[in-house]
Structures are given as C-alpha cells and as structure tokens.
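# Structural overview for review
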Amino acid sequence: MASSSSSDVVILAIGVVLAAAYLFRDQLFAASKPKVAPVVSNKSANGSGNPRDFITKMKEGKKRIVIFYGSQTGTAEEYAIRLAKEAKSKFGLASLVCDPEEYDFENLDQLPEDCAAFFVMATYGEGEPTDNAVQLMQNLQDDSFEFSNGERKLDGLKYVVFGLGNKTYEHYNSIGRAVDAQLAKLGATRIGERGEGDDDKSMEEDYLEWKDGMWEAFATAMGVEEGQGGDTADFVVSELDSHPPEKVYLGEYSARALTKTKGIHDAKNPFPAPISHARELFEDTTDRNCVHVELNTEGSGITYQHGDHVGVWPTNPDAEVNRLLCALGLYHKKDTVIGIESLDPALAKVPFPVPTTYATVLRHYIDISAVTGRQILGALSKFAPFPEAEAFLKNLNTNKDEYHTVIAGGCLKLGEVLQLAAATILDPKLHPNSIHVTCVVLKYQSIPSERVPEKWVYGVGSNFLLNLKHASNGEQAPLLSTSGAEHVSMPSYMIEGPRGAYKEETVYKAPIHVRRSTFRLPTNPKSPVIMIGPGTGVAPFRGFVQERVALARRSIEKNGPDALADWGRITLFYGCRKSTEDFLYRDEWPKFQEELRGKFTMHCAFSREKYKPDGSKIYVQDLIWDDRENIADAILNGKGYVYICGEAKNMSKQVEEILSRILGEAKGGSAEVEGAAELKLLKERSRLMLDVWS
C-alpha cells in the first residue's frame with residue numbers, strides 16, 4: 001500500500017537486520033555466539049482459561065493498553081503494532097495487540113481505569129468494515145448487545161481511534177468515525193483527537209502529524225511520563241550452521257507451500273499458474289507497455305467468476321535486493337540460513353516463515369521497493385557509524401520539506417537511502433481454466449534535486465509481469481543506449497521462483513490467488529448494463545461481455561436465432577489516447593458485437609485523436625452525456641445496472657457527477673438533489689458498483 005506502511009514492515013520484519021545492521025556492517029553480524037531470546041511463558045503469552053478473554057490476558061501480562069485493529073491488507077495491523085512499540089519505548093507500557101475476530105467484547109466494560117483501548121480501523125470497499133472487524137462493528141452498533149454489566153454502557157472507558165481510508169472513496173474513514181461515535185454514545189471518553197489517515201495522499205504523514213498530540217493527551221489522561229521506556233529490539237537473528245535444505249523457506253509463504261501439501265490455494269499458498277499466452281497490447285511501446293497475460297488454472301481447484309480479483313505475487317527486483325544486501329554488508333552471506341525469534345511474541349510476530357536466508361527475506365517477504373517512510377529514518381540514524389550520516393538521516397526524519405524533496409520526490413527506496421547516507425480478468429465461461437490479466441506497466445521519472453538526479457522508477461508488480469511476458473515468449477528485454485553505454489531499461493526478477501518452482505521446461509509460472517468480489521453482472525440478461533471503463537478499467541468488462549457471449553451462444557443453440565430478442569442492451573464507454581496506439585483488445589470488440597446481435601454497443605473516446613470544437617479533449621464522461629437519454633431510460637425505466645472501473649481520483653468522481661446530472665434532469669430536478677438521491681439509491685441496491693483505484 002502506502003510507502004509509509006511498507007517501510008515500517010521493514011522494521012517489523014527484520015528489526016535487528018535492518019535497524020541494527022543498517023549499511024553499517026560489521027556491527028551486528030560479526031561471527032559471535034548467537035543471542036538467546038528470553039522465553040515467554042505460555043500462561044503469560046496465551047492467558048489461562050478462555051482464549052477469547054482479552055481482559056485476563058492483559059492482567060496476566062501486566063499490560064495497560066489493548067489495541068484492536070480492523071485490517072484487510074495488513075496496513076492497519078502494522079499501525080497497531082507501531083502504536084504498541086511507541087507506547088513501550090515512550091512510557092514503558094506493554095500492550096496487547098488484538099485481532100478483534102479472535103476476542104469477545106462482552107467484557108470491554110471491565111477494562112481497568114488505569115488502562116486504555118486503542119482502535120485502529122480501516123474502511124474497506126463502500127464504507128464497510130474489514131472482514132475481521134465485522135463482529136466488532138455489529139456489537140457496537142446493535143442496540144440489543146449488552147456488556148458484562150448487563151447494560152450498553154462503557155462509562156470510564158478511555159479510548160484512542162486512528163482510522164485508515166482513502167479520500168477518493170465516498171465513505172472516507174467511515175468505520176473509524178463510526179467506532180468513535182458509538183464509543184462516545186456508550187459513555188466512553190476519547191483521548192486526544194481522532195486520527196484519520198488518507199492513503200490517497202500520505203497515510204504516513206497523517207499518522208506522524210496525529211500521533212505526537214495524541215501521545216501528549218495520552219500521558220495526561222493515563223498519568224504517565226515520557227522517558228520511562230527505551231529502545232529495545234523486537235527480534236533476535238541467529239545464523240544456523242546446519243539445517244536440512246528441504247526445510248528452509250526460499251520464498252514459500254507457508255508450510256503447506258513448502259511441503260507442497262494438497263489443499264486450497266490462497267495468499268499463504270499461491271498457485272503457480274502456467275502462463276499459456278502473453279502479448280503486448282499497445283501498438284507503440286516506446287514509452288509504455290500494457291501486457292495481456294493468460295494464466296492457466298486447470299487442475300488447481302481455483303474457482304473464478306467474472307469480477308473477482310486475482311492476486312499476483314511478485315518478488316522484489318534483483319537490483320534492489322542486491323543493493324540492500326551490499327549496503328548491509330550481507331551480500332557474501334546472502335544464502336546463509338537464519339532463524340528469527342521474537343523477543344515479545346504478543347507484540348511483534350515474525351511476519352514470515354523461518355528458517356530462511358537473508359536474500360530470501362529481502363526478495364520475497366518484505367517490501368523494499370516502496371519509497372522509504374520518514375519515521376524509519378529516525379530509527380536508522382541511531383545506528384549510523386559516523387556523525388555525518390547520523391545528521392543526514394535525522395534531518396530527513398525531522399525536516400518534512402527536505403524529506404519530500406530528497407526522498408519522496410526522488411522516489412528513493414531503502415537501499416538507495418542507505419547508499420545516499422553513506423555517500424483482471426478472467427472469464428470462466430469462455431475460458432474455464434484461465435485467468436486473463438490486463439496490466440499497464442508502471443514506469444515514470446522521479447523529481448530531481450541537488451542530491452538526487454532524475455531517474456526511472458519502476459512498478460514492482462507490473463514489471464514482474466513484463467519480465468514474465470518476455471521470458472514466456474523468448475524475448476530479449478529492450479536496452480537503452482546513452483552515450484554508447486548500454487543498460488537494461490527495466491528491472492529483472494528471479495522469476496524461476498524458490499527452488500525453480502515457477503518454471504517447468506520452457507513454461508514460466510506466476511504465483512497467484514483469488515479474492516472474491518461483489519463486482520458482478522446481474523444474473524438476468526434482460527437487465528440493461530452500462531459499463532464505464534477507460535484504460536485498463538476495461539479489463540473486467542471484457543470479462544463481462546465474454547460472459548454474455550457465452551450465455552448467448554447457449555441460448556441461441558437452445559432457443560433459436562431470436563433467443564436474444566428480450567435481452568437488455570449492454571453499453572460500454574471506453575477511453576484511451578489513440579485508436580492506433582493503446583486501444584485495448586481492439587480486434588475483439590467487433591466480434592463480440594456480432595455474436596451479441598446488436599445487444600452490445602461500444603462508445604470510444606480517443607483523447608489525443610478526436611477533440612471538441614474548442615480544441616479540448618474528449619473523455620468518457622463526455623460520451624456518457626451525449627448518450628444521456630438512453631442512459632436515463634436504461635436506469636430509470638429498465639432498472640439497469642451501472643459499473644465503473646478505473647481511476648478513482650478524477651474519472652470515477654466525474655462520471656458520478658455526470659450520472660447525477662443525467663438522472664436529476666430526467667426526474668425533473670437537479671443533480672444535487674434528485675440526481676444525488678437516485679445515485680445513492682442505486683448504490684444501496686447494488687445497481688451502481690465501483691471497482692476503482694487511486
């Protein structure tokens with residue numbers, strides 16, 4: 001997700017490796033006797049009696065803070081752990097970090113007066129709680145739910161809220177706000193201001209600006225003073241002289257994956273899907289690429305419906321892995337087998353399987369490709385080997401403007417900072433055993449500064465797929481030539497995977513899993529469908545149309561040539577730069593129109609090819625307005641469904657504004673009143689669905 005959270009994973013994942021070793025080698029990994037981690041008693045770690053009783057666990061572990069997190073992708077959990085670490089280092093207070101799905105909330109009213117509850121809550125989808133926070137939200141919002149005192153009262157409870165959201169979505173931080181409102185309604189007292197992080201801009205900066213004021217209020221409310229804690233390591237790293245090679249994790253995410261145990265394929269056990277077909281979709285690839293990759297899922301047990309999301313698991317590029325290994329003085333020990341133990345399992349869990357190797361950790365298990373967060377620079381400065389490096393890192397940590405100029409503007413990853421301091425889509429009906437991915441390859445230039453020259457920045461996942469496309473087709477990666485010196489114009493990856501598991505003879509494989517989605521076609525083909533998907537936002541709609549084509553074939557075969565007569569119209573609004581340059585799947589759409597016998601219409605906006613009379617560009621929202629009569633009729637009279645896929649910040653909002661205007665005028669009113677009300681009703685009835693990203 002955000003660069004901030006990714007950089008923090010670095011601290012959490014290999015605390016001693018990155019924090020203590022830094023690039024200032026020879027300070028931690030010298031040949032010495034391995035440290036022994038203190039043993040935490042089972043009783044203390046797990047609590048006696050009911051394993052879902054967090055109050056008992058807190059008392060047995062002498063913890064004064066409980067931190068609940070609602071997390072879908074892990075970011076909220078990372079911030080929960082950060083808060084626990086800061087409470088320990090600032091005030092010497094121990095925390096219990098809890099997945100709310102694993103605990104009961106009837107005894108929340110029993111939290112002692114000298115304790116506090118933190119809620120770190122992400123908002124998911126259309127203002128929904130994350131999967132692990134559904135029960136928590138139901139308990140807080142259900143008027144019939146009672147706490148252990150037999151009442152719905154939390155008088156005396158002190159709490160802190162930090163919400164995670166994205167302002168490009170309508171229901172920005174609605175879950176964090178709802179938790180805050182419900183706790184206050186039940187009589188609890190909030191400590192400090194409610195924090196809200198915006199992933200569209202900088203979650204990290206929002207967190208940093210909020211936390212200092214919160215900790216001041218916390219110290220006052222809890223009667224504690226800063227300085228009672230101290231810096232302590234979270235993990236101890238031991239180099240293992242001997243270990244069975246077959247039991248060393250080299251990129252596998254679980255024991256199931258390591259032992260190749262049969263079972264479901266998920267985020268912990270992705271399926272190595274053979275690439276059956278890969279091709280370039282752009283005509284001109286001088287500056288941009290868009291790859292189409294088909295992943296064979298036959299025999300995997302994976303089921304996929306149109307609208308589901310496929311997760312492809314890339315590795316970090318070789319250049320960044322080697323850069324960080326060299327910076328840490330570990331390059332010659334990259335294949336050394338290591339074990340990692342948590343010094344406080346209740347606070348910091350080892351976030352990947354062990355034993356493993358230094359290189360594997362950096363290549364497969366942590367994000368070292370994101371822009372380095374500001375807070376980690378302060379932690380690293382403490383291990384600088386000379387004053388100049390320490391001052392450099394501290395300045396970047398405390399000077400927000402300097403950080404944005406050098407690090408954020410320069411898009412510097414962790415290894416680069418250390419160097420500087422030292423100097424979607426599947427169609428299960430037409431293709432039952434294949435998932436199709438449409439992906440524009442991310443590549444852009446950073447903002448130069450006095451310290452950091454302009455450079456190319458490459459997206460991890462998309463360039464990973466581009467590597468696979470080149471390898472699958474036996475293509476050579478293109479080279480750039482500057483002043484006679486050749487260099488590779490894209491990063492390379494170890495695409496063969498751990499133990500060569502992702503290559504079989506000449507077939508390359510991509511580790512994947514599938515996440516279910518509600519982004520679905522209506523089951524009744526008589527319902528009109530309106531799809532808006534410029535750029536790669538068209539990918540799921542290709543799947544939608546293929547779904548209808550497959551159904552049309554069966555219907556015609558069964559009921560004759562007039563089988564589609566009462567079907568609703570399918571309308572697609574698509575946009576790209578030029579019809580000759582980046583018109584995705586250009587050759588397929590006419591064939592779909594032919595098979596659907598007039599029931600499929602496509603409107604295309606070519607922003608750099610066709611212009612308005614005043615010379616301005618034409619976008620999909622302009623085409624939608626031009627077709628407003630048909631759209632209003634399909635939605636209001638035909639009970640049609642509307643789908644928007646693509647960029648959230650501008651396109652999605654502007655499309656919704658145009659729809660509000662169309663519907664408002666069709667109902668004899670305005671966009672702000674009647675149009676907005678109709679749009680809200682469509683969303684509530686799942687007739688307007690969005691799959692957008694920022």
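Up top is the structure.
I will try to describe carefully the structure that is included in this document. Since the structure is predicted, the reported quantities are computational estimates derived from the model, not experimental observations. (Residues numbered from 1 in each chain as written. Predicted model: local features only at pLDDT ≥ 70, side-chain atom pairs only at ≥ 80, totals over all residues. Heavy atoms only, no water.)

What follows is about helix 10 (residues 318-327). Buried within helix 10 we find Asp318, Glu320, Val321, Leu324, Leu325 and Ala327. Of the residues flanking the end of helix 10, it is Gly329, one or two places downstream, whose phi is positive at about 70°. (Buried < 20%, exposed > 50% of the residue type's maximum accessible area, 1.4 Å probe, protein only. Helix = DSSP H or I, 4+ residues; strand = E, 2+ residues; numbered from the N terminus.)

Look at the link from Val354 to Pro355: it is a cis peptide, with omega at 0°. One can find Pro355 in the loop between strand 12 (337-342) and strand 13 (356-357). Unusually for a residue other than glycine, Lys260 sits at a positive phi of about 55°. The residue Lys260 is located in the loop between helix 9 (255-259) and strand 9 (271-280) in this model.

So, about the state of the cysteines. Enumeration over the complete set of coordinates arrives at zero disulfides. Between Cys604, a cysteine without a disulfide, and Cys576, which holds the nearest cysteine sulfur, the sulfur-to-sulfur distance is 7.1 Å. (Disulfide = S-S within 2.5 Å.)

Between helix 6 (residues 134-141) and helix 7 (residues 174-185), the shortest axis-to-axis distance is 10 Å and the interhelical angle comes to 35°. Crossing angle aside, the handedness with which helix 6 passes helix 7 is left-handed. Facing Met137, Leu140 and Gln141 of helix 6, the residues of helix 7 in contact are Ile175, Ala178, Val179, Gln182 and Leu183. Along the lines of polarity and charge, the residues of the contact of helix 6 with helix 7 split into six nonpolar, two polar and no charged. (Axes fitted to C-alpha atoms, helices over the stretch in contact; angles between N-to-C directions. Left-handed = near helix turned anticlockwise from the far one by under 90°. Contact = heavy atoms within 4.5 Å. Nonpolar A, V, L, I, M, F, W, Y, C, P; charged D, E, K, R; others polar.)

Counting residues in hydrophobic clusters, the biggest one holds 41 residues, and the most contacted among them are Leu377 and Ile407. At the level of secondary structure, the elements contributing two or more residues to this core comprise strand 8 (235-239), helix 10, strand 12, helix 11 (358-365), helix 12 (374-381), helix 13 (387-398), helix 14 (400-408) and helix 15 (414-422). Ignoring sequence-local partners within four residues, the contact set of Leu377 consists of Thr372, Leu393, Leu396, Asn397, Tyr403, Ile407 and Val417. One finds Leu521, Leu564, Trp567 and Tyr643 within the second-largest nonpolar core, a separate group that totals 34 residues. (Core = buried A, V, L, I, M, F, W, Y, C linked by side-chain atoms within 4.5 Å.)

Our next topic: the sheet that holds strand 21 (residues 529-532). The five strands are arranged 23-22-21-24-25 in an open sheet whose pairing can be described as parallel. The outermost strands of the open sheet, each flanked by one partner alone, are strand 23 (600-606) and strand 25 (688-693). Between one strand axis and the next, the sheet turns by 10° as a mean value, whatever way the strands run. Alignment of strand 22 (residues 570-576) against strand 23, held across seven bridges, turns out to be parallel. (Pairing = 2+ DSSP bridges.)

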